[in-house]
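Structure at a glance
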Amino acid sequence: MGFNCGIVGLPNVGKSSLFNALTATAAAESANFPFTTIEPNVGRVAVPDERLYRIAAIAKSNKVTPTQLEFVDIAGLVRGASRGEGLGNRFLANIREVDAVVHVLRCFEDDNVTHVAGSVDPLRDAEIVETELLLADLESLERRAAAMTKRARGGDREAKDLVALMERVLAALREGQPARALAVAEAEDKAFRQLQLLSAKPVLFVCNVEEDAAATGNVWSAQVAAHAAEAGAEAVTISAAIEAEVAAMEDDADKSAFLESLGLAETGLTRLVRAGYHLLDLITFFTAGPKETRAWTVRRGTRAPAAAGTIHTDFERGFIRAETIGYEDFITLGGEQPARDAGRCRSEGRDYMVQDGDILLFRFNV
C-alpha cells in the first residue's frame, strides 16, 4: 500500500478520538490532557469504492479486497515544537515519515475540554502548526545549504543546481510561505522531494465540530474551508463524537438510520478517507477473477510496469504487457470475456499510464 497520512494538531482538538473512530479501535488513548499519544499509532482504513463490488459481482469473485490508506496518530504539537518544546522533536520526526498531513482543528466549544491556547480559534491553531513546520524546515535547510554551497564552490554541478533550488525554497520559507507553495519544475521534482521538507507535504484540514453542526458545519468550519481554498488545501467537516458512536454500532442498518436522523448521507470518515485519497493524487486500478477482485493504489501518472510492481516485484521486473479493460466497458459488456469478444481489451506496453478504473491483467516473464 505504502501511502500514509499523519493526523496532527494541537492537544485536545479531538485528534486521537478521530483516529479511534477512523480505525474503529481504541488503539489511541484519549484523555483531557496533552500528550496522551506518546508513540504514533497506526491504522489502515479501506477506501470506499462501489466499483470494486460491481466488478466482483460480474467476475463472481470469492473474495473482495479494497485498497487502503494508512493513518498515523502523531503526538500533539505545541508552540515551540521546532525548538524541542513539548514533544516537538518526536513530533517532527514522525511527521517527516508520512506522505500527507491531516490537520485536525477544534471547531467546537466545550467547557469540559480545555484548550491549550485558552479559546477556540481554528485559524490561529492552524497557523501555530504551520509556523512550527516552517521554522523546522528553515533551520534544517539553512544548515544543509551551507554544506552544499561548499561543494558547489568546488565545481560540483549537481551541488550548484541543488543550491539554487534550496535558495528558492529558503526565500519562500523566510516570507512565511510553505514549501508546497513553491513552483517546482518537473526536472527538479526528485531533488525537491529528497529535501524531505515538512511544509512541502499536502494538507487536509479536518474541522471537528459539535454534533449539531455535523451536517451543516459552523462559523469556524466555514473559516477553515475558506482558508483551505486559498491555500490550495482541502477541508472536511466531521464530528468525532458522532463518528465514535457510529464506529461502536455493529448493524449497518442502525448506522444508516442514525446518520439519516442527523441529516448525513454517509459518515464523515468516508469523506475523510476519500479526500485523503484525492489529496495524494492517487488512482485505483483493479485485478479481477473468480478467486479475488482487488483494488490497487498508485499515483496518477504511474506507468504499467510500476503498477505491476505494486502487486509483486517480479511483475515489474519481467513485465511484458498489460491487458487492459476500461471500467465502463467491463461493466457495460458484462466482464472480461465479453469485453475481449467485443475488441475492448487493449494490449498496453511499458509506456502506458494506468488510468483510474482500469481492470488489468499483467503478462510477465521472469
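This write-up is about the structure you can find in this document. This one's a predicted model, so the numbers in the text were calculated from it and none came from an experiment. Numbering of residues begins from 1 in every chain and follows the order in which that chain's sequence is written. For this predicted model, a pLDDT threshold of at least 70 governs which residues receive local features, and a threshold of 80 or more governs which side-chain atom pairs are given and counted, while totals over whole chains, interfaces and linings are taken from all residues. With hydrogens and water set aside, each side-chain value is computed from the structure's full complement of heavy atoms.

Turning to empty space enclosed by the protein, a few remarks are in order. Where empty space is left in the structure can be found by rolling a water-sized probe over the atoms. Residues are called lining when one of their atoms sits within 4 Å of a cavity or pocket point, these points coming from a 1 Å grid over the protein atoms alone, where a cavity is a set in which a 1.4 Å probe fits but cannot get out and a pocket is an open set with protein on both sides within 12 Å along at least five of seven lines. Grid points are joined across faces, edges and corners, and a volume is the space filled by probe spheres set on the points. Scanning all chains against the criterion turns up 1 cavity of 30 Å³ or more. In this structure, the largest cavity is lined by Val101, His103, Ala126, Val129, Glu130, Leu133, Val203 and Phe205. Only DSSP runs of H or I covering at least 4 residues are called helices, and only runs of E covering at least 2 are called strands; the numbering of each starts at the N terminus. Counting only elements with at least two residues in the lining of the largest cavity, the list comes to β5 (100-107), α4 (122-153) and β6 (203-209). With 4 residues, the top contributor of residues to the lining of the largest cavity is α4. Under this grouping Gly is polar, as are all residues other than the nonpolar Ala, Val, Leu, Ile, Met, Phe, Trp, Tyr, Cys and Pro and the charged Asp, Glu, Lys and Arg. Of the residues in the lining of the largest cavity, the class split is 6 nonpolar, 1 polar and 1 charged.

It is worth spelling out helix α8 (residues 240-248) at this point. Regarding α8, the residues found buried are Ala240, Ile242, Glu243 and Val246. Projected down its long axis, α8 carries its buried residues within an arc of 155 degrees, all on one side. Pairs of residues are marked as contacts when any of their non-hydrogen atoms sit within 4.5 Å. As for α8, its buried residues are in contact with α1 (15-23), β6, β7 (234-238), α9 (252-261) and α10 (268-279). Relative accessibility thresholds used throughout: buried, under 20% of the residue-type maximum; exposed, over 50%; partly exposed, between the two (1.4 Å probe, protein chains only). What the arc describes is the spread of directions from the helix axis to the C-beta atoms.

Within β6, 7 of the 7 residues are buried, leaving the element largely enclosed by the surrounding structure. The alternating pattern of β6 places Val203, Phe205, Cys207 and Val209 on one face and Leu204, Val206 and Asn208 on the opposite face, and all of these are buried. Bridging between β5 and β6 involves 7 bridges; their strand directions are parallel. Residue pairing across strands places Cys107 opposite Val209, the latter belonging to β6. Following DSSP output, two strands are said to pair if at least two bridges run between them. By the bridge criterion, 5 bridges tie β6 to β7 in an arrangement that is parallel. Directly across from Val206, in β7, lies its bridge partner Val236.

Turning next to the packing of aromatic side chains. Two aromatic rings from Phe, Tyr or Trp, using only the six-membered ring of Trp, form a pair when their centres are within 6.5 Å; if the ring planes differ by under 30 degrees the pair is stacked, by over 60 it is edge-to-face, and anything between is tilted. Tallied over the full model, the rule gives 4 aromatic pairs. Between Phe285 and Trp296, the aromatic rings sit 6.4 Å apart at their centres with planes inclined by 15 degrees, giving stacked as the arrangement. Linking Phe285 in strand β8 (residues 282-287) with Trp296 in strand β9 (residues 292-299), this pair joins segments that are 11 residues apart in sequence. Here Trp296 falls in the buried class, since its relative accessible area comes to 12%. Judged by centre distance (6.0 Å) and plane angle (90 degrees), the ring pair of Phe285 and Phe362 falls under edge-to-face. Placement of the pair is Phe285 in strand β8 and Phe362 in strand β12 (residues 359-364), with a sequence separation of 77 residues. On the accessibility criterion, Phe285 (0% relative accessible area) is buried. Linked through ring pairs, Phe285, Trp296, Phe319 and Phe362 together constitute an aromatic cluster. Positioned over the ring face of Tyr327 is Arg51, at 5.9 Å from the centre of the ring. Think of it as a cone above the ring: NZ of Lys or CZ of Arg counts as a charge over the ring if it is within 6 Å of the ring centre and within 35 degrees of the ring normal. In this structure, Arg294 packs its charged tip against the face of Trp296, placed 4.2 Å from the ring centre.

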